[in-house]
Structure formats: structure tokens, C-alpha cells
Amino acid sequence: MSPKMPRLEKPRPTEELTTTSSTPATSAAESAEKPPQKSVELPKALTVKQLSDLLEISPVDIIKQLMRNGVMASINQIIDFDTAAVVAADLGFEAKELPKGKTEAITSISGKRVGFAEDIDSLKPRPPVVTILGHVDHGKTTLLDAIRESNVIATEAGGITQHIGAYQVEVHSQKITFLDTPGHEAFTAMRARGAQATDIAVLVVAADDGVMPQTVEAIDHAKAAGVPIIVAINKIDKPGANPDRIKQQLSDHSLLAEDWGGNTITVPVSAKKREGISDLLESILLVAEMAELKANPNRPATGVILEAKLDTTKGPLATVLVQSGTLEVGDCVVVGETWGKLKAMFNDKGKRIKKAEPSTPVEILGLNNVPQAGDTFVAVFNERTAKEQAQERQGARERAASQPLKPRTMEQVLAQIRAGEIKELNVILKTDVQGSVEPIQNSLERLEAEKAKVKIIHTGSGSVSESDVLLAVASKAMIIGFNTHPEPGAVRLAEAEGVSIRLHSIIYELVEDVNKALAGLLEPTFREVIEGHAEVRAVFQVKKTRVAGVFVTDGKITRDASARVLRGGKAVYASTVTSLKHFKEDVKELSSGFEGGIGIEGFGDIQVGDIIEAYRKERVG
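Residues numbered from 1 in each chain as written. Predicted model: local features only at pLDDT ≥ 70, side-chain atom pairs only at ≥ 80, totals over all residues. Heavy atoms only, no water.

J.: Please explain the nonpolar core as it appears in this structure.
T.: For soluble globular proteins, the rule of thumb is that nonpolar side chains tend to be buried together. Among the nonpolar cores identified, the biggest contains 29 residues, and Leu 143, Ile 147, Phe 178, Leu 280 and Ile 284 are the most heavily contacted of them. Broken down by secondary-structure element, the contributors of at least two residues to this core are β8 (129-134), α5 (140-155), β9 (166-171), β10 (174-179), β11 (200-206), β12 (229-234), β13 (265-268) and α9 (277-291). Per-element tally for this core: the top contributor is α9, with 8 residues. Setting aside its immediate chain neighbours within four residues, Ile 284 contacts Pro 128, Val 130, Ile 176, Phe 178, Ile 200, Val 202 and Ile 230. (Core = buried A, V, L, I, M, F, W, Y, C linked by side-chain atoms within 4.5 Å. Buried < 20%, exposed > 50% of the residue type's maximum accessible area, 1.4 Å probe, protein only. Helix = DSSP H or I, 4+ residues; strand = E, 2+ residues; numbered from the N terminus. Contact = heavy atoms within 4.5 Å.)

J.: Explain the pattern of salt bridges here, please?
T.: Proximity of charged atoms lets side chains of opposite charge pair with each other. Summed over the entire model, instances satisfying the criterion amount to 15 salt bridges. Two residues, Asp 199 and Arg 126, come together in a salt bridge whose shortest N-O distance is 2.8 Å. Within this pair, whereas Asp 199 is found in the loop between α6 (184-192) and β11, its partner Arg 126 is found in the loop between β7 (124-125) and β8, the two being separated by 73 residues in sequence. Here the two residues Asp 199 and Arg 126 agree in accessibility, since each one is buried. Across the pair Arg 502 and Asp 513 runs a salt bridge whose closest N-O atoms are separated by 2.7 Å. One end of the pair, Arg 502, is in strand β27 (residues 501-504); the other, Asp 513, is in helix α15 (residues 507-518), with 11 residues separating them in the sequence. One salt-bridge network, held together by shared partners, links Arg 567, Asp 605 and Asp 610. (Salt bridge = Lys/Arg side-chain N within 4 Å of Asp/Glu carboxyl O.)

J.: For this particular structure, what's the right way to read the sheet that holds β27?
T.: Backbone hydrogen bonds hold the strands of a sheet together, and the pairing may be parallel or antiparallel. Judged by pairing direction, the sheet is parallel, and its 4 strands sit side by side in the order β25-β24-β26-β27 without closing on themselves. Each edge of the sheet is formed by a strand with only one pairing partner; in this case those strands are β25 (453-461) and β27. Neighbour to neighbour, the strand axes of the sheet diverge by 25 degrees on average, direction disregarded. Note that strand β24 (residues 424-431) and strand β26 (residues 478-482) share 5 bridges and pair parallel. Pairing of Val 427 across the sheet is with Met 478, part of β26. (Pairing = 2+ DSSP bridges. Axes fitted to C-alpha atoms, helices over the stretch in contact; angles between N-to-C directions.)

J.: Would you explain helix α12 (residues 437-446) in this entry?
T.: Because the α-helix completes a turn every 3.6 residues, residues three or four places apart line up on one side. Every buried residue belonging to α12 is among Val 437, Ile 440, Ser 443 and Leu 444, and all of these are buried. The buried residues of α12 all sit within an arc of 140 degrees when viewed along its axis, so they share a single face. Exposed side chains of α12 directed beyond 90 degrees from the buried face belong to Glu 438 and Arg 446. On its buried face, α12 sits against β24, β25, β26 and α15. (Arc of directions from axis to C-beta.)

J.: Before we go on, may I ask you to explain the sheet that holds β12 in this structure?
T.: Overall, mixed pairing links the 6 strands, which are arranged β9-β10-β8-β11-β12-β13 in an open sheet. Strand pairing shows two members of the sheet lacking a second neighbour, β9 and β13, which therefore form its edges. Between one strand and the next, the sheet's axes are offset by a mean angle of 30 degrees, whatever the strand orientation. Sheet analysis places β8 next to β11, joined by 5 bridges and oriented parallel. Bridge pairing in β11 places Thr 131 opposite Ala 201. Each of β11, β12 and β13 touches helix α8 (residues 243-251); the most contacted strand, β12, lies at about 150 degrees to it. Contacts from α9 reach β8, β9, β10, β11, β12 and β13 within the one sheet, and its direction differs from that of β10 by about 100 degrees.

J.: When you look at the pairing of β13 in this model, what are you seeing that I'm missing?
T.: Here is the key point about a regular strand: its side chains alternate between the two faces of the sheet. Direction of pairing for β12 relative to β13: parallel, over a ladder of 4 bridges. Bridging from a neighbouring strand, Val 231 pairs with Thr 266 of β13. Each parallel crossover has a hand, and for β12 linked through α8 to β13 it is right-handed. (Right-handed = clockwise from strand over helix to strand, strands pointing away.)

Here it is, written out as C-alpha cells:
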């Protein structure tokens, strides 16, 4: 049985105001200042995800608004019209009930009709979609194999499973879909692209090892996605296995086990010995039943691309997860800027199938190009429509590329804080050592401005990684670094996605910086642009100075550029490039793939293996 949803008070209809004025020009000016009228037609019930799609607002923001009104709901949970209407009103929409007999829900903004949702009667139960996360050596792959093999033995003895990045198992005549992702980075990368594919996260923790940094990252990524977490305590057969110690460590990260009085399901398993697998599957079905997962199978299919590749004999192949509707051979689909007519579909056992219903993963053949993982697809009426929509998207991308850089994500967030549209500032905190995390986190969480407060969604020690940036993109967060630096890949990704990375070496300045952001007053400052990296492969004594013999690994190094020396991933010195040589000739720059000599102003302790990072500072905005 699903938990009973509290009913919210239905908002009053917006009153129409009639103003008479002797000066028509003034009236027109006042009218021009008013925001466009936004209205939405809603069915008597819909899921949080469908409401998010209709309002074109992040599901996380919808869930937060529900929580502010005393309603706890997951992304796939169904809410009634009155509850949805209150949330819509809070977010600036006038909600109207869908006329009887009408099955589409329409959003209207200044007269433009967009969006789609289902009437409650058209929704049918669907299988849960599960992602397995955890530390690299804690048995994720072995557990996936155990689940797959136990199902093959039970249903198709001797069957060969084709690896398509996802598969289904059947338990007590109920199906479960598993996504075979490499880890939480892939899980979050898909979310950062706007695809919420997972209903439940299974966190694997080794009973003899415990909660590791990657485990904590996986927990934070799953929490940020708003999906329920089931913990599989693996390797219980090994000497030194201590499930109670694992539960204690999990409680430190707000995952309190059910048998300890919390609401996190923990299941002891041994993937190697195939023990506890059936208990884990039944727990997944229980959580899925509570979530009341539903979709409409009787509509054009929509879904997400899980994997894609170019096969030398078959052409472009894509593994897709159908999320709503039914996908059939012969359907025309649009995927990003790609389109095609489906020639064939294969299930996870390599068998040709004619149709795929919600929560079913299939490999499809017939696209005219290889799509990107995380792209969404939609089935359309015919090939002409598919081609036109793909061309429209390509044109939109090209027009966007010709425009100035898009507004930075952080600037948009701060604008929303100033406008009172959001009440929390999401922060990812990375420090040089773990001991620095707690005092800084406590200082930040105590900050509270009139308009918003700080929410720490992930902490960790070490350099800022691409995984941190992906989480920031998906959660609209800013990244704060204390005595640490971003990895080159993270810098490039942050620049491309508009993520703000702010670095500090003094705690009170860090806190003050976040406090300004919280008030929505953070002015555009300067940001670092990494120009290139060079690896030190030899050191030469030239008169009284030491010169580094280097190989430029990426970008370029220019004379007089700002530079820092990185040793073991940490900056040990910052200065400028004073001399630059290619063989014996002085040069202005060294490009990627070239060798040369570099002198760093005031630094005589250069060592083989050091990395010289050249950068410049440019004003943001």
C-alpha cells in the first residue's frame, strides 16, 4: 500500500483586475512590464515527473516545493490535482482542471501550448529501473552477474545473455530492469543531460571493507537524484565481515538501517556464493510497490539512450530504455539531432522482438547516425516529421553556437535567489584533507540569508574531479575548493557546462564568499582559464638557476604566463614562466606534443615528474 498523501488547500483562482486609465500609453507600458500569463491544465492525478515536464521546471525543484507544503513524494509518485495545483501556483502558474474526457494536459505560456501528461486512468504499473552503485572493488559486477545468472537458470537454462548495458529479470511474475552502468559518474552524467532513468539505487558495500570515499560519492549522487537507496552488504561470507560496522558507518551518512530504527533497507548478500540474491530482489519489488511506478503504454514511445555505437556490419546501434508508451518495429524516432525508422529491435537475450513496453531496455537498429548516451528519444508520426524535427534541433544548436556564451549556471542560480524563486544554494565542498571538511561544512550550514540557506550535497578531500562537476551540473550547485585545485578535465567540463568553481585558502574568506552568494549579491569575479600542462622529464642546471626539460601534454605554454608547479596533484609553487626554449632557441610558446625548456620565476626546487600548469585569469561577465 502506498503512503497516504496529505491534501493541500486548493489555491484560489487568480482574480482578473480591470484598470481604467485616461492615458492609453501608460496602460500599455504597465502591461508590458507584467510577466507573460502562465497557465496549465492538469488531470485529476499525475506523477511528479509529469508535472515537472509540463511546467518545464526541474523535478528536484518540484519535490522541494512539495516538501515545503508538507508532502514527501518521489519523482515517480502520483499526486492529485489539488496538490499539483498548489505547487503550480507557488511556481507562478495558474492551474486548471482538465475538462472531462480530455486525456492530454497542456501548459500555456502567453498562448503557446506545450507539454504532455496522462490521465490517471491511462497509467499502468511498470517494472522498476534499478542502478547498482558502489566502490570499485566491492562486488558490483559480481552482484549483477549473480542476479543475471540466477534468473537465466530459473527461466532459460543454458540461455546466453547478450550484453546491451541493461537487462530484465523476473521475480514472482514481476519484472525488474537493471542498468549496467560503470558507476555513479555515468549515473549522474545521464541526469546532467536531463535524463532521469533510475527509480531505485542499490548501493553495494563490502562487509569486510566498509564505507569508502567512492561509496560516499555514490550515496551523495543517489540522494541528489532523489531516488530511494537499498544497501546490499556484500561479501558476508568472508572472514572479517562485520555488517553492524557497515550499518554504523552508513548511519554517519544519514542512511539508518531498518533494524536500527531507520527506513533504509539493508540486505546481507554474498554475490560470489549466490546467497541473499532473492532477498535483495524482493526488497527491490517492495520499494517499487511503495513508489507506485506507472506509465501509459498506449501512446507514442519516449525514453532515453543508454549506450550507442557504430557496428561495422549493422551500422548505428543504440540501447534504449523505453520510459513511456510502446516502441514498435517500424516506428519513426527522433533522438537529439538523429532520426530513423526502426528496422529491428533486440532484447537483452539477443532475441528479435516486435515491441517494447515501459521500463524495457532494447537495442534498436535503423538510426541514420550514432546518438549520444543520455539523449532522449520520441516516436513521431512519420519519417518526414522525424527528419524535420532532427533538422530543427540541429539548426537550434548551430544558432546557439553562433551566439555569445550562454549565461553561467551560477549566475542563473543567483538571479533565482534574488528573485526569491529558490530557497537553497547547493554546494559541493572539496578540501585538501578530510579533517578540514567538518569545520567548513558546519560554518556554511549555519549561514542563512533572508532569501535562502546553504545545502551541502557532497563533500570530499582531494582535487575537484569531473565527477564533482557532473554532480554540480545535475544539481545546479556551485563547487567550493579549500586548499585544492581542479583537475584539467574538470576545468574544461566546468567551462563547457557553466559550473562555478571557487577556490580559497582562508576559511573566513570562503565563508564570506558563500554568504554573498546566499544573499544573491555575488558579483562576477575573475576565473582561471587553464592554457596547458607540461610534464617535467629532466632538470638542468644553467648558471645559478634550474631549468625544467619538459614535454607539453596538452594546450600550450607561453612566455610570461602565470604558472603553478603541481606535485602529486597539489600546487607547491605559483609564479610565472620567465624563459621558454625549443632546443637552443628562445620561443614565445610551446604547443602540445613539443619538448622544450622552461624556467619558473623564483623556483629552484623543480623535480622530475612535476607538472607545470600554465593559466590566465579573465573576468567573468
